[in-house]
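Structural overview for review
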Amino acid sequence: MSTSVPEQAAKDIRPVSASLLTPQRQAVMRRLLTEHFRAPIRVLEIGVWQAAGSTQVWLEHLADGSELVLVDAWQPYASQEDLDGHGGAPSSWNYNAMDEQCEAAFHAAYGRVRAYQQLHRQTGVQIHLLRAPAAQALAWMRDGAFDLIYVDGDHKYAQVKSDLDHARRLVNPHHGVICGDDLERLPDEQSLALARQHLQRDYLGAPHRFHPGVCLAVHECFGEVQMADGFWWIHCRDGQFTTESLPKSAEINP
Ligand SMILES: C[S@@+](CC[C@H](N)C(=O)[O-])C[C@H]1O[C@@H](n2cnc3c(N)ncnc32)[C@H](O)[C@@H]1O
């Protein structure tokens, strides 16, 4: 197993934090990865930001010889509806700051990748950094290419739906996992109705507190998934998507 890059390798950029991943979610991801993939695998991460959150979980726990493809547009992507908090509860997220920092986030991500590569030279995980909108980058990739796909890019409905449609095609059909961030609510009729009214929103704040696009797209692409603390996952086994063969939410809660 590889060690992660020292945090000082890249500067933290304020006010948006370097890692957008909670420690609880990191624990779930770590468990899913280490229990189900012990040999080298191919991983696709959509949504990297500063490569300080989810990326570090993969780098710490992937077997040496694995390949990690990191895709991010690193371009402003807030919708006017999110900036205005229009037509629903406002989010406390600082969309302007995130959009202003996307260039710096790209440099920070590159810095962390470089630092990892300098530390590991010929060993460790091979990392490929791809700066492109996911819809375009994923269209070039071949079916069944990845054992693990992590979806954490643009959370608005159309983009998540596009990422998940590609993920279904790109995942190893024999034994592959698709997972992602920010599914705070398992889809139910009330959440889905709300989500359909807010297709251009990233997040709906209090009293709803969830990412409507993630909820709707996950429901449309998979129906049922497992989820713990907003991190969700589903297994593809023998060409079928199933929640039966991986740990259940209740078993994996950190
Ligand atoms: C929630 S952040 C990812 C956080 C990261 N996984 C972590 O753990 O810190 C979402 C990322 O999606 C990226 N993004 C937004 N729209 C995108 C698109 N169309 N294609 C690829 N990436 C996109 C943003 O640049 C941002 O870095």
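Residues numbered from 1 in each chain as written. Predicted model: local features only at pLDDT ≥ 70, side-chain atom pairs only at ≥ 80, totals over all residues. Heavy atoms only, no water.

1. Some thoughts on the overall build of the protein
Within the protein, the regular secondary structure consists of 10 helices and 8 strands. When the 254 residues of the protein are sorted by exposure, 54% land in the buried category. A fraction of 79% describes how many contacts in the protein between residues 6 or more apart in sequence connect residues 24 or more apart. (Helix = DSSP H or I, 4+ residues; strand = E, 2+ residues; numbered from the N terminus. Buried < 20%, exposed > 50% of the residue type's maximum accessible area, 1.4 Å probe, protein only. Contact = heavy atoms within 4.5 Å.)

2. Looking at the packing of aromatic side chains
A full pass over the atoms with the stated rule returns 6 aromatic pairs. An angle of 55° between the planes, with centres 5.0 Å apart, marks the rings of W74 and F106 as tilted. Placement of the pair is W74 in the loop between β2 (67–72) and α3 (80–84) and F106 in helix α5 (residues 102–120), with a sequence separation of 32 residues. Assigned by exposure class, W74 and F106 land together as buried. Aromatic rings pair up to connect W58, Y150, F231 and W233 into one cluster. Over the ring of F106 we find R131, and its NZ or CZ is 4.5 Å from the ring centre. A cation over a ring is seen here: R185 above F210, with NZ or CZ 4.3 Å from the ring centre. (Phe/Tyr/Trp six-rings, centres within 6.5 Å; stacked < 30°, edge-to-face > 60°. Lys NZ or Arg CZ within 6 Å of the ring centre and 35° of its normal.)

3. Quick notes on the site of the ligand
The local shell around the ligand holds 19 residues, among which G47, S54, D72, A134 and D152 are the closest. Between the ligand and the protein, one listed contact pairs a nitrogen atom with a backbone N or O atom of G47 at 2.9 Å. The separation between an oxygen atom of the ligand and a polar main-chain atom of W49 is 3.2 Å. Looking at the shell around the ligand, its residues break down into 11 nonpolar, 5 polar and 3 charged. (Near = heavy atom within 4 Å. Polar contact = N/O pair within 3.5 Å; in protein donor to acceptor, adjacent residues only side chain to side chain. Nonpolar A, V, L, I, M, F, W, Y, C, P; charged D, E, K, R; others polar.)

4. Notes on the confidence of the model for the protein
Of the residues in the protein, 86% reach a pLDDT of 70 or more, and the chain-wide mean stands at 88. Segment residues 1–15: pLDDT under 50, and 43 contacts once partners within four positions in sequence are set aside and those in other chains are kept. (pLDDT = per-residue confidence, 0-100.)

5. Brief notes about the packing of helix α1 (residues 23–36) against helix α2 (residues 54–61)
One can describe the packing of α1 onto α2 by two numbers: an axis separation of 10 Å at closest approach and a directional angle of 35°. Considering only the axes of α1 and α2, their crossing is right-handed. Across from Q26, M29, R30, L33 and T34 in α1, the residues of α2 making contact are S54, V57, W58 and H61. Taken together, the residues that form the contact of α1 with α2 break down as 4 nonpolar, 4 polar and 1 charged. (Axes fitted to C-alpha atoms, helices over the stretch in contact; angles between N-to-C directions. Left-handed = near helix turned anticlockwise from the far one by under 90°.)

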